[in-house]
Amino acid sequence: MNHHVLIASPVKQKECILSEFLDSLIRLEARSLDMELDFTFIDDHNDHALLSRFALERPNVQILPGDTVGDYLRDESTHYWQEDLIWKVARYKDHFIKMALDKGCDYLFLVDSDLYLDPNTLTHLLSLKKDIVSEVFWTSWRPELIPLPQVWLKDQYTLYDSRRRETLSEEEMNKRTKEFLHMLCCPGTYRVGGLGACTLISRRALERGVSFQEIYNLGFTGEDRHFCVRAAALGLELYADTHYPPFHIYRESELEKLIDYKKGLKNTKPQASVEDITLQLQPKSPSPAPQTVNPGKITLAMLVRNESGRHLALVLKQATEYIDHAVILDDASEDNTAQLCREILQEIPLTLHSNKEPLFHNEILLRKQLWEMALSTNPEWIIILDADEMFEEEAPKQLRELLSLSSSSKIDYLSFRLFDLWTETQYRDDQLWQAHKWYRPFIVRNIPGFQTQWHETPQHCGRFPQNIIDLHGGTSSLRIKHLGWVRPQDRLAKYYRYKQLDPNGIYGNLEQYRSILDPSPNLVEWKSE
């Protein structure tokens with residue numbers, strides 16, 4: 001059967017990367033299905049002539065000029081997309097859709113210009129007979145992050161499935177995310193909710209009215225998300241295929257790794273295997289050095305950064321009523337936070353360390369550092385609180401007895417409910433703010449030789465090693481107040497912090513981030529129990 005395919009790409013690319021992309025297009029296997037291939041590129045003000053040379057050397061190549069000049073910023077860390085640039089690319093892609101329809105093409109194959117394709121990619125995608133299907137590739141969106149796919153299940157970039165109004169614990173969200181990632185490491189074709197960058201679109205879908213144009217009442221970032229939402233609304237299903245993953249040349253430094261990818265094309269493997277994902281999500285720490293445990297000793301461990309004038313003094317004063325040792329990791333505070341800790345904790349043994357450079361953008365490093373500091377004090381129990389968290393007023397008189405009973409009952413960790421206070425006397429309770437409805441660990445027994453496994457993400461990585469839930473846990477009716485939302489200026493600061501550190505909602509929930517600024521949230525009175 002003859003297939004007329006338009007391969008199209010908007011191009012604003014470094015010469016060394018574009019050269020590899022074009023080389024992979026030349027090598028695409030097209031004879032087995034008797035394909036007729038046309039190529040169309042939009043030269044978006046490149047400073048080299050690679051596209052022109054490509055057009056001179058083969059037929060059926062069309063080069064179109066870009067419209068407005070705009071800066072596409074990228075470095076060895078990441079790419080920086082501005083709104084005007086996103087919608088310019090959307091216009092380009094919609095122009096390709098019109099061209100494919102006008103030419104009478106059977107398929108439009110949209111490919112980003114920083115991919116190196118497996119030669120089997122196009123023939124395989126055509127054989128699937130799907131209206132919209134993307135070949136999956138994996139990218140570390142920042143150098144310190146694990147590789148993640150360019151496809152997702154729902155919303156902005158949610159990598160786990162859930163029903164509407166279903167409330168999931170952090171552990172369950174992590175579990176479902178891993179299941180999705182592991183699935184994508186196995187060769188197959190899977191229905192997804194979002195995709196892009198290496199996408200084959202059938203004429204049926206083009207005629208149905210798919211488009212990258214902005215949906216004016218949709219707040220998602222990126223033209224691909226608007227395309228996917230519109231496609232689903234038109235009754236079209238989206239699929240991700242994992243048989244022939246391309247290599248993503250996201251950074252110029254990745255060209256060295258491309259050499260190995262080319263060598264392995266005959267036995268193509270995903271850029272991230274099941275084992276890779278497992279090891280990076282659940283890395284095993286080396287066995288800790290032998291340590292002793294002081295029975296009954298309680299150590300409080302806490303991260304702090306620029307906490308002077310907020311809630312730190314109140315939190316630490318309460319802690320002095322029930323702890324034996326305090327461990328404070330100061331993440332390069334620029335105020336007198338460290339001195340404030342020394343003053344309040346002067347009657348309590350204190351281990352305080354101040355980092356010279358802040359690491360708050362990569363929380364997992366701080367959490368591991370704090371954990372090791374706490375272990376070094378040889379306690380029986382480790383309590384980890386943030387600088388804006390404290391137990392309810394009745395707790396200090398009960399905690400030591402609670403931990404003594406837990407020791408005799410062989411309980412290894414205790415979980416509590418956390419209430420997000422929005423005022424001094426009210427906590428938030430709505431669909432997006434339900435932390436107080438389930439229990440999470442705040443106190444863990446120090447078990448010598450315990451092999452820790454951490455959730456390796458730069459944000460929302462958890463305060464404890466994630467495998468403590470494999471131990472014997474218990475719950476307490478004592479409650480914890482989260483004071484970090486009480487002041488409007490703190491809410492605004494947190495909103496902008498999440499917007500900066502997790503703009504695509506990879507580690508958290510974008511809808512929840514936006515809800516921080518809700519002017520009329522549902523609040524419930526805090527009552528003593």
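Residues numbered from 1 in each chain as written. Predicted model: local features only at pLDDT ≥ 70, side-chain atom pairs only at ≥ 80, totals over all residues. Heavy atoms only, no water.

**Q** Please clarify how the pairing of strand 8 (residues 132-135) should be interpreted in this entry.
**A** Each regular strand shows side chains that alternate between the opposite faces of the sheet. The alternating pattern of strand 8 places I132 and S134 on one face and V133 and E135 on the opposite face, and all of these are buried. By the bridge criterion, three bridges tie strand 8 to strand 12 (residues 198-202) in an arrangement that is antiparallel. By the bridge assignment for strand 12, V133 is matched with L200. Summarising the sheet, strand 8 and strand 13 (residues 238-241) pair through three bridges and their orientation is parallel. Within strand 13, the residue paired with V133 across the bridge is Y239. (Buried < 20%, exposed > 50% of the residue type's maximum accessible area, 1.4 Å probe, protein only. Helix = DSSP H or I, 4+ residues; strand = E, 2+ residues; numbered from the N terminus. Pairing = 2+ DSSP bridges.)

**Q** Teacher, can you tell me more about the nonpolar core here?
**A** Soluble, globular proteins show a tendency: their nonpolar side chains are buried together. One finds L108, I132, I201 and V210 to be the most contacted residues of the largest nonpolar core, which totals 47 residues. For this core, the secondary structure elements donating two or more residues are strand 1 (3-11), helix 3 (83-103), strand 6 (107-111), helix 5 (170-184), strand 11 (189-192), helix 6 (203-208), helix 7 (223-233) and strand 13. With eight residues, the single largest contributor to this core is helix 3. If we ignore the near neighbours within four places in the chain, the residues touching V210 are I97, I132, I201, A205, F227, R230, A231, L234 and L236. I383, A395, F416 and F419 belong to the second-largest nonpolar core, a separate cluster that totals 41 residues. (Core = buried A, V, L, I, M, F, W, Y, C linked by side-chain atoms within 4.5 Å. Contact = heavy atoms within 4.5 Å.)

**Q** Teacher, can you tell me more about a nonpolar patch on the surface here?
**A** Together, L492, Y496 and L517 make up an exposed nonpolar region whose accessible area comes to about 280 Å². Positionally, L492 belongs in helix 14 (residues 488-501). By relative accessible area, which is 40% here, L492 ends up partly exposed. (Patch = residues over 30% accessible without salt bridge, like charges linked within 9 Å, V, L, I, M, F, W, Y side chains within 5 Å. Areas by Shrake-Rupley, 256 points an atom, 1.4 Å probe, with all protein chains shown as cover. Salt bridge = Lys/Arg side-chain N within 4 Å of Asp/Glu carboxyl O.)

**Q** How should the sheet that holds strand 2 (residues 35-43) be read in this particular structure?
**A** Backbone-to-backbone hydrogen bonds join strands into a sheet, with any given pair of strands oriented parallel or antiparallel. Strand order across the open sheet formed by eight strands is 3-2-1-6-12-8-13-11, with mixed pairing between neighbours. The outermost strands of the open sheet, each flanked by one partner alone, are strand 3 (61-65) and strand 11. The mean angle between the axes of side-by-side strands here comes to 25 degrees, regardless of whether they run parallel or antiparallel. Where strand 2 lies against strand 3, five bridges are found, and the strand directions are parallel. Looking at the pairing, T40 lines up with Q62 of strand 3. (Axes fitted to C-alpha atoms, helices over the stretch in contact; angles between N-to-C directions.)

**Q** How do you make sense of the pairing of strand 2 when you look at a structure like this?
**A** With eight of nine residues buried, strand 2 is to be regarded as a mostly interior element. Here strand 1 pairs with strand 2 via nine bridges, running parallel. Residue pairing across strands places H4 opposite E36, the latter belonging to strand 2. Note that the unit made of strand 2, helix 2 (residues 50-56) and strand 3 has a crossover that is right-handed. (Right-handed = clockwise from strand over helix to strand, strands pointing away.)

**Q** It is not clear to me how the pattern of salt bridges should be interpreted in this structure. Could you clarify?
**A** Where side chains of opposite charge bring their charged atoms close, a pairing between them can arise. Using the criterion set out here, one finds 35 salt bridges in the structure. K262 serves as the salt-bridge partner of E20, at 2.6 Å between the closest nitrogen and oxygen. With E20 in helix 1 (residues 15-26) and K262 in helix 8 (residues 255-263), this pair connects stretches of sequence that are 242 residues apart. Shared partners join several salt bridges into a network, and the residues in it are R163, E166, E172 and R176.

**Q** I'm lost on helix 14 in this one. Help?
**A** The terminal C-alpha atoms of helix 14, which comprises 14 residues, lie 20 Å apart, in line with the 20 Å expected from a rise of 1.5 Å per residue. Summarising the contacts, the buried residues of helix 14 are in contact with strand 23 (473-482) and helix 15 (510-515). (Expected span 1.5 Å × (residues − 1).)

**Q** In this structure, what is going on with unusual backbone geometry? I would like to understand it.
**A** Phi is mostly negative for residues that are not glycine, and the peptide bonds are mostly trans. Unusually for a residue other than glycine, N306 sits at a positive phi of about 50 degrees. Secondary-structure assignment places N306 in the loop between strand 15 (298-304) and helix 10 (312-319). Assessed through its relative accessible area of 25%, N306 is described here as partly exposed. Positive phi outside glycine occurs at K410, with the angle close to 60 degrees. As for its placement among the helices and strands, K410 is situated in the loop between helix 13 (396-408) and strand 20 (413-420).

**Q** When you look at the packing of aromatic side chains in this model, what are you seeing that I'm missing?
**A** In this description, a pair of aromatic rings is defined by centroid distance and the angle of the planes. Counted under the stated rule, the structure contains 19 aromatic pairs. Relative to Y157, the ring of W152 lies with its centre 6.0 Å away and its plane at 50 degrees, an arrangement referred to as tilted. Overall, Y157 belongs to the buried group, its relative accessible area being 5%. Grouping aromatic residues by their ring pairs yields a cluster made of Y322, F391, F416 and F442. Seen from the ring of F54, R58 lies directly overhead, with NZ or CZ sitting 4.3 Å from the centre. The ring of F419 carries the charged tip of R479 above its face, separated from the ring centre by 5.7 Å. (Phe/Tyr/Trp six-rings, centres within 6.5 Å; stacked < 30°, edge-to-face > 60°. Lys NZ or Arg CZ within 6 Å of the ring centre and 35° of its normal.)

**Q** What is the right way to look at the side chain of H48 in this model?
**A** The topology assignment puts H48 in the loop between strand 2 and helix 2. Reaching out from H48, the side chain makes a polar contact with the backbone oxygen of Q13 at a distance of 2.8 Å. Non-local contacts of H48, meaning those with residues more than four positions away in its chain, are made with Q13, K14, E15 and L18. (Polar contact = N/O pair within 3.5 Å; in protein donor to acceptor, adjacent residues only side chain to side chain.)

**Q** Just to check I follow, could you spell out the sheet that holds strand 22 (residues 439-445) for this structure?
**A** With mixed pairing, eight strands are arranged side by side in an open sheet as 17-16-15-18-22-20-23-19. The open sheet terminates on both sides in strands that have one partner only, identified here as strand 17 (350-354) and strand 19 (389-391). Taken over all neighbouring pairs, the strand axes of this sheet differ in orientation by 30 degrees on average, direction set aside.

Read these as geometric descriptors, not functional statements.
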